[in-house]
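# Report on the structure
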Amino acid sequence: MPAPFIITIDTEGDNVWSRAQPLTTRNSVCFPKFQALAERYAFRPTWLVNWEMAHDAACVEFLRDVLKREVGEVGLHLHAWDTPPLEPLTEDDGRHHPYLIEYPEPLMHAKLERLMGYLEETFQRPLRSHRAGRWAFDGRLARWLREHGFTADCSVCPGVNWRTTKGDPNGAGGTDYRQAPHAPYFINENNILEPDESAAPDALLEVPMTIAVPQSRWSRALLEISSKRHHWLRPNRHNGVAMRQRVDETNRKHLMFMIHSSELMSGGSPTFPDEASIDSLNADLEALFAHAQARGCPGRTLGEFAAEWRAATPPMVVEK
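Residues numbered from 1 in each chain as written. Predicted model: local features only at pLDDT ≥ 70, side-chain atom pairs only at ≥ 80, totals over all residues. Heavy atoms only, no water.

### Focus: the state of the cysteines
Quick reminder of the rule: Only a pair of cysteine sulfur atoms within 2.5 Å qualifies as a disulfide here. Partly exposed describes any residue whose relative accessible area lies between the buried limit of under 20% and the exposed limit of over 50%, with all areas from a 1.4 Å probe on protein chains only and scaled to the type maximum.
Counted according to the given criterion, the structure contains 0 disulfides. Looking at cysteine 30, it has no disulfide partner, and the nearest cysteine sulfur is the one in cysteine 59, 12 Å off. Counting only cysteine sulfurs, cysteine 157 is the nearest neighbor of cysteine 154, a cysteine outside any disulfide, at a range of 9.3 Å. For cysteine 154, a relative accessible area of 0% puts it in the buried group.

Shown next, in the form of structure tokens:
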């Protein structure tokens, strides 16, 4: 059976990479066009929403319509440095963008509860899906998500080491995923890189990013220095063919596509700085979605995929 095609959008403010203040949310005007493209190919996006976008009127109106028509899902995506309660971790959290898992655990939980509560009240339904801000994930976060009813996470980036990417300049960096499985697995909260072979009924399913990692020893050594040689199912202006090649890999249990919402807008990110780059992006997206549909890949939200996996998959050892 062809691998389910899961579209995830980190739904956040404009050009967060620039650390600009105040942060704007103009990119929400681009959401309907992307959603319409996905629907044309029978795909159902999962919009993973952070604090500032949860307070953007256009974003909220758009997502309420998506939920009403049952053509997508809303999940949680938290940027710790601007999600209340705001208690500084560094001398300038807005500049350093500390990872959520670097904050004291009570404050980490308070931020999660604040955003989860606001989203659930706004959209009048429970959240089930999550991706960590800046991909920073650990067992404490996995446990919190499970205890609060989440069924799926999509933070794991197989083969990628974020340790050299700092949040708190005095911290240990991000999460090292070099040993993470590529296939979905129920999380072992004592070691998030290992499947839980005796998963409880409420275990959190990890649905990793689709990333092809070079297999030669020489290439793997370079990966410890930089992740730029990975082939993500994520547009970067130069990888339209490579993304379609991910769809053709027959060993995939799922296909996890991601994009930041700000990348849909001209000037909303460093990768797509002008209208010409957005035109190129839209052409790549159209070609990718058409290719996935032609290959018979069924569209699933993250929550739908987790429910189907849980119903069909007994506890198992997942190959890395």
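### Here's the deal with the sheet that holds strand β6 (residues 185-188)
Put simply, the rule reads: Any two strands with at least two DSSP-identified bridges between them are counted as paired. Each helix corresponds to a stretch of at least 4 residues labelled H or I by DSSP, and each strand to a stretch of at least 2 residues labelled E; elements are numbered beginning at the N terminus.
Pairing in this open sheet of 9 strands is mixed, and the strands run β7-β6-β8-β5-β4-β3-β2-β1-β11 from one edge to the other. Two strands bound the open sheet, and with one partner strand each, they are β7 (191-195) and β11 (255-260). Bridging between strand β1 (residues 5-11) and β11 involves 6 bridges; their strand directions are parallel. In the strand pairing of β11, isoleucine 7 is matched with phenylalanine 257.

### Quick word on the environment of tryptophan 232
Checked against the element boundaries, tryptophan 232 lands in strand β10 (residues 231-232). A relative accessible area of 11% places tryptophan 232 in the buried class.

### A look at the packing of aromatic side chains
The relation between two aromatic rings is expressed through the spacing of the ring centres and the mutual angle of the planes. The condition that has to hold: Only rings of Phe, Tyr and Trp enter the pairing, Trp through its six-membered ring, and a pair is recorded when the two centres are within 6.5 Å. The plane angle decides the type: under 30 degrees is stacked, over 60 is edge-to-face, the rest tilted.
Counted under the stated rule, the structure contains 15 aromatic pairs. The interplanar angle of 25° and the centroid separation of 6.4 Å between the aromatic rings of phenylalanine 5 and phenylalanine 257 together place this pair among those described as stacked. Note that phenylalanine 5 is positioned in strand β1 and phenylalanine 257 in strand β11, a separation of 252 residues in sequence. The residues phenylalanine 5 and phenylalanine 257 share a single accessibility class, namely buried. Each ring, one from phenylalanine 5 and one from phenylalanine 289, has its centre 5.9 Å from the other, and the planes form 75°; the classification is edge-to-face. Taken as a pair, phenylalanine 5 in strand β1 and phenylalanine 289 in helix α9 (residues 275-294) lie far apart in primary sequence, 284 residues in all. The rings of Phe5, Phe31, Phe34, Phe43, Trp47, Phe62, Phe257 and Phe289 are connected pair by pair, giving a single aromatic cluster.

### Observations regarding the nonpolar core
What counts is decided by this rule: Joining through side-chain atoms within 4.5 Å is the link that ties buried Ala, Val, Leu, Ile, Met, Phe, Trp, Tyr and Cys residues into a set, and such a set is a nonpolar core. Every residue pair with non-hydrogen atoms within 4.5 Å of one another is taken to be in contact.
By size, the foremost hydrophobic cluster in this structure holds 96 residues, and its most contacted members are Phe5, Phe34, Phe137, Tyr177, Phe257 and Phe289. Of all the elements, helix α5 (residues 105-123) adds the most residues to this core, at 7 residues. Once you skip the residues sitting within four places of it in the chain, phenylalanine 257 turns out to touch Phe5, Ile6, Ile7, Thr8, Phe34, Leu233, Pro235, Met243, Leu285 and Leu288.

### What about the side chain of serine 262?
Here serine 262 shows up in the loop between β11 and α9. A residue is classified by how much of its surface remains accessible, and serine 262, at 0% relative accessible area, is buried. Setting aside anything within four residues of it in sequence, one finds serine 262 in contact with Glu12, Gly13, Asp14, Asn15, Trp17, Asn27, Gly268 and Ser269.

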